[in-house]
Amino acid sequence: QVKLQQSGAELVKPGASVKLSCKTSGYTFSTSYMSWFKQIPGQSIEWIGMIYAGDGGTGYNQKFKGKATLTVDTSSSTAYMDLSSLTTEDSAVYFCARSYYYSSSAFAYWGQGTLVTVSS
Amino acid sequence: DIQMTQSPASLSASLEEIVTITCKASQGIDDYLSWYQQKPGKSPQLLIYDATSLADGVPSRFSGSRSGTQYSLKISRPQVDDSGIYYCLQSYSTPLTFGSGTKLEIK
């Protein structure tokens with residue numbers, strides 16, 4: 001079955017960068033899209049952007065351009081998200097998610113989330 | 001960006017009630033609307049896709065509908081395990097946008 005396993009929690013200092021991973025299994029990674037989301041605890045969810053693993057093509061929420069960079073490694077079926085110039089406003093849980101087999105517009109497969117805490 | 005106005009922000013219901021949560025889109029979204037349940041510390045779980053289709057494994061007490069640009073999630077005879085936060089998501093255009101969430105408590 002489809003599995004998305006995200007990397008562990010991160011504690012990072014303001015101004016630093018962090019790279020999150022989302023290792024997948026159970027489907028053909030190289031012909032699929034992966035989306036990333038941000039959720040500040042107690043708040044709703046924001047879409048950061050998506051990447052097509054076949055050619056690395058990306059689409060970003062304008063709000064996260066310059067903040068997030070999405071990449072993939074098809075040899076390991078892993079998606080990555082780099083977050084740069086971190087501030088306390090970047091402290092959140094970040095999810096990767098893949099669309100549903102029956103509808104490309106819905107997300108049925110989610111990672112467990114990675115908590116990023118930005119603190120000095 | 002398309003705004004999704006979700007209501008109510010919270011509600012408490014009994015096991016015998018019918019629960020309805022709504023999301024109104026700021027423009028037409030052609031039924032590119034999905035509903036999710038999220039429990040504390042967990043990832044969102046897909047309930048409804050394409051506005052009215054039930055995702056695999058989701059109990060039939062959950063249903064989705066549309067009237068104009070207003071989308072609704074209905075839970076008939078909810079169970080205690082249905083407590084959680086519910087979100088709608090529009091995927092008609094980027095950036096994808098979620099509703100603000102509805103916190104549901106089943107007594």
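The present account deals with the structure reproduced in this document. Keep in mind the model is a prediction, meaning the values are calculated, not measured. (Residues numbered from 1 in each chain as written. Chains lettered and ligands numbered in written order. Predicted model: local features only at pLDDT ≥ 70, side-chain atom pairs only at ≥ 80, totals over all residues. Heavy atoms only, no water.)

On a plain count of helices and strands, chain A comes out with zero helices and 11 strands. A globule of 120 residues ought to have a C-alpha radius of gyration of about 14 Å, and chain A, at 14 Å, matches this closely. On the principal axes, the C-alpha backbone points of chain A span a range of 40 × 30 × 25 Å. Across the 120 residues of chain A, 48% fall into the buried class. Working note: accessible area of chain A is about 5,500 Å², and carbon and sulfur atoms make up 49% of it. Both charge centroids of chain A, one from 9 positive and one from 7 negative side chains, sit 4 Å from each other. (Helix = DSSP H or I, 4+ residues; strand = E, 2+ residues; numbered from the N terminus. Rg over C-alpha atoms; globule rule 2.2 N^0.38 Å. Buried < 20%, exposed > 50% of the residue type's maximum accessible area, 1.4 Å probe, protein only. Areas by Shrake-Rupley, 256 points an atom, 1.4 Å probe, with all protein chains shown as cover. Lys, Arg positive; Asp, Glu negative; His and termini not counted. Charge placed at Lys NZ, Arg CZ, Asp CG, Glu CD.)

Each partner contributes to the interface: chain A provides 21 residues, whereas chain B provides 21 residues. Buried surface at the junction of chain A and chain B, both sides included, amounts to about 1,600 Å², of which 62% is carbon and sulfur. Scanning the region where chain A abuts chain B turns up zero salt bridges. Joining chain A to chain B, the criterion identifies 10 residue pairs in polar contact (both at pLDDT 80 or more). Mapped onto the side of chain A that touches chain B, the elements with two or more residues apiece are β4 (33–39), β5 (45–52) and β10 (107–110) of chain A. Here the side of chain A that touches chain B takes four residues from β5 of chain A, the largest share from any one element. By residue class, the composition of the side of chain A that touches chain B is 11 nonpolar, nine polar and one charged. (Contact = heavy atoms within 4.5 Å. Buried area = accessible area lost by both parts, 1.4 Å probe. Salt bridge = Lys/Arg side-chain N within 4 Å of Asp/Glu carboxyl O. Polar contact = N/O pair within 3.5 Å; in protein donor to acceptor, adjacent residues only side chain to side chain. Nonpolar A, V, L, I, M, F, W, Y, C, P; charged D, E, K, R; others polar.)

In terms of nonpolar packing, the biggest core is built from 66 residues, with Met-34, Trp-36, Phe-37 and Met-81 of chain A together with Trp-35 of chain B touching the most fellow members. Setting aside chain neighbours within four positions, we find Phe-37 of chain A in contact with Ile-45, Glu-46, Trp-47, Ile-48, Val-93, Tyr-94, Phe-95, Ala-97, Phe-107 and Trp-110 of chain A together with Phe-98 of chain B. (Core = buried A, V, L, I, M, F, W, Y, C linked by side-chain atoms within 4.5 Å.)

Attention shifts here to the sheet that holds strand β3 (residues 18–25) of chain A. In sheet architecture, strand pairing relies on hydrogen bonds along the backbone and comes in two forms, parallel and antiparallel. Residues and elements named next belong to chain A. In space, the four strands of this open sheet follow the order β1-β3-β8-β7, with antiparallel pairing throughout. Edge positions in the sheet fall to β1 (3–6) and β7 (68–73), since each has one partner strand and no second. Taking the axes of each pair of neighbouring strands and ignoring which way they run, one obtains an average angle of 20 degrees across the sheet. Two strands pair when backbone bridges link them, and β1 and β3 are joined in this way by four bridges, in the antiparallel orientation. In the sheet register, Gln-6 faces β3, and the bridge partner there is Cys-22. (Pairing = 2+ DSSP bridges. Axes fitted to C-alpha atoms, helices over the stretch in contact; angles between N-to-C directions.)

This part covers unusual backbone geometry. Residues and elements named next belong to chain B. For the peptide bond that leads from Ser-7 to Pro-8, omega is -5 degrees, which places it in the cis range. Position of Pro-8 among the secondary structure elements: in the loop between β1 (4–7) and β2 (10–13). Here the bond from Thr-94 into Pro-95 is cis, since omega is 0 degrees, no more than 30 degrees from zero. Following the sequence through the fold, Pro-95 ends up in the loop between β9 (84–90) and β10 (97–98). Even without being glycine, Ala-51 reaches a positive phi, approximately 75 degrees.

With that settled, the discussion passes to the state of the cysteines. All names here are of chain A. Following the criterion strictly, the structure yields two disulfides over all chains and no others. Sulfur-sulfur distance for the disulfide between Cys-22 and Cys-96 comes to 2.0 Å. When the S-S torsion is 80 degrees, as for the bridge of Cys-22 with Cys-96, the disulfide is right-handed. Taken together, the positions of Cys-22 in strand β3 and Cys-96 in strand β9 (residues 92–99) put the pair 74 residues apart, joining distant regions of the chain. With respect to burial, Cys-22 and Cys-96 carry one shared label: buried. (Disulfide = S-S within 2.5 Å.)

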